[in-house]
Amino acid sequence: MGWLRRAIGMIFATAVAIGAGLVFVPFAVLADPVTRAAAFAFTQYAVLALDEDFAAGLADGGFPLLARFVWMAVVTVCAVPVIAVGLIGEIARVRALSWYASATGLAAASSPWFIRASLHLPRAADYNFAELRFALVFFLGGLISGSIYWLLAGRDADGRVSI
């Protein structure tokens, strides 16, 4: 029955860590001037595009595409790194804060480039200044999410609590 308690603890810790990332990343994007400008430009473009779609009667389905894009971005940056690093840490029985925090941060920060590479896009290895600022925000979000996961579930991965 110990495995069931551990599984429930992992699920709870994963949900809380993902929630922390979902709260931190938007606030961090709004706090940084470069990412705030990019986010506002994207929002303005999306609103104008959706306004044209609503005026045309949603003929080409722009709103579902926008919703899918936002959902994919949120899942890729906030959920997948926590789940992947948590599973690897549980399988390897890692208890180190440095593993959970840094691996989750690196996975979250590199997720836009992983997506481009998996889709075989021509700019898979390119970057610009704004993308690096977003990568920094994603890294910090992953760092916080990984730390919260470690605090709730990673410290006692092999039955012993580490400090």
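Residues numbered from 1 in each chain as written. Predicted model: local features only at pLDDT ≥ 70, side-chain atom pairs only at ≥ 80, totals over all residues. Heavy atoms only, no water.

### Points about the packing of aromatic side chains
Moving on, step 1. One pass over the full model with this rule turns up 3 aromatic pairs.
Moving on, step 2. Measuring from centroid to centroid gives 5.7 Å for F42 and F69, while their planes differ by 50°, and the two rings are tilted. Of the two residues, F42 sits in helix α2 (residues 33-55) while F69 sits in helix α3 (residues 62-92), which places them 27 residues apart along the sequence.
Moving on, step 3. Between Y100 and Y149, the ring centres sit 5.3 Å apart and the planes meet at 45°, which makes this aromatic pair tilted. Residue Y100 is found in helix α4 (residues 97-118), and its partner Y149 is found in helix α5 (residues 129-154); the two are separated by 49 residues along the sequence. The two residues Y100 and Y149 agree in class, both being buried. (Phe/Tyr/Trp six-rings, centres within 6.5 Å; stacked < 30°, edge-to-face > 60°. Helix = DSSP H or I, 4+ residues; strand = E, 2+ residues; numbered from the N terminus. Buried < 20%, exposed > 50% of the residue type's maximum accessible area, 1.4 Å probe, protein only.)

### Re helix α1 (residues 2-31)
The α-helix advances 3.6 residues per turn, and as a result positions three or four apart in sequence lie on the same side.
Moving on, step 1. Counted at 1.5 Å a residue, the expected span for α1 with its 30 residues is 44 Å, and the 43 Å between its end C-alpha atoms agrees.
Moving on, step 2. Turning to α1, its buried residues number three or more, namely R6, M10, A13, T14, A17, I18, A20, G21, V25, A28 and V29. (Expected span 1.5 Å × (residues − 1).)

### Looking at the nonpolar core
Moving on, step 1. Core analysis: the biggest nonpolar cluster contains 12 residues, these being M10, A13, A17, I18, A79, V82, V85, Y100, A103, Y149, W150 and A153.
Moving on, step 2. If you list the elements that add at least two residues to this core, you get α1, α3, α4 and α5.
Moving on, step 3. In terms of residues, this core owes the most to one element, α1, which gives 4 residues.
Moving on, step 4. In this structure, V82 is in contact with T14, A17, I18, T104, S145 and Y149, ignoring residues within four places of it in sequence.
Moving on, step 5. Counting 8 residues, the second-largest nonpolar core is a separate cluster that includes A28, V77, C78 and V137. (Core = buried A, V, L, I, M, F, W, Y, C linked by side-chain atoms within 4.5 Å. Contact = heavy atoms within 4.5 Å.)

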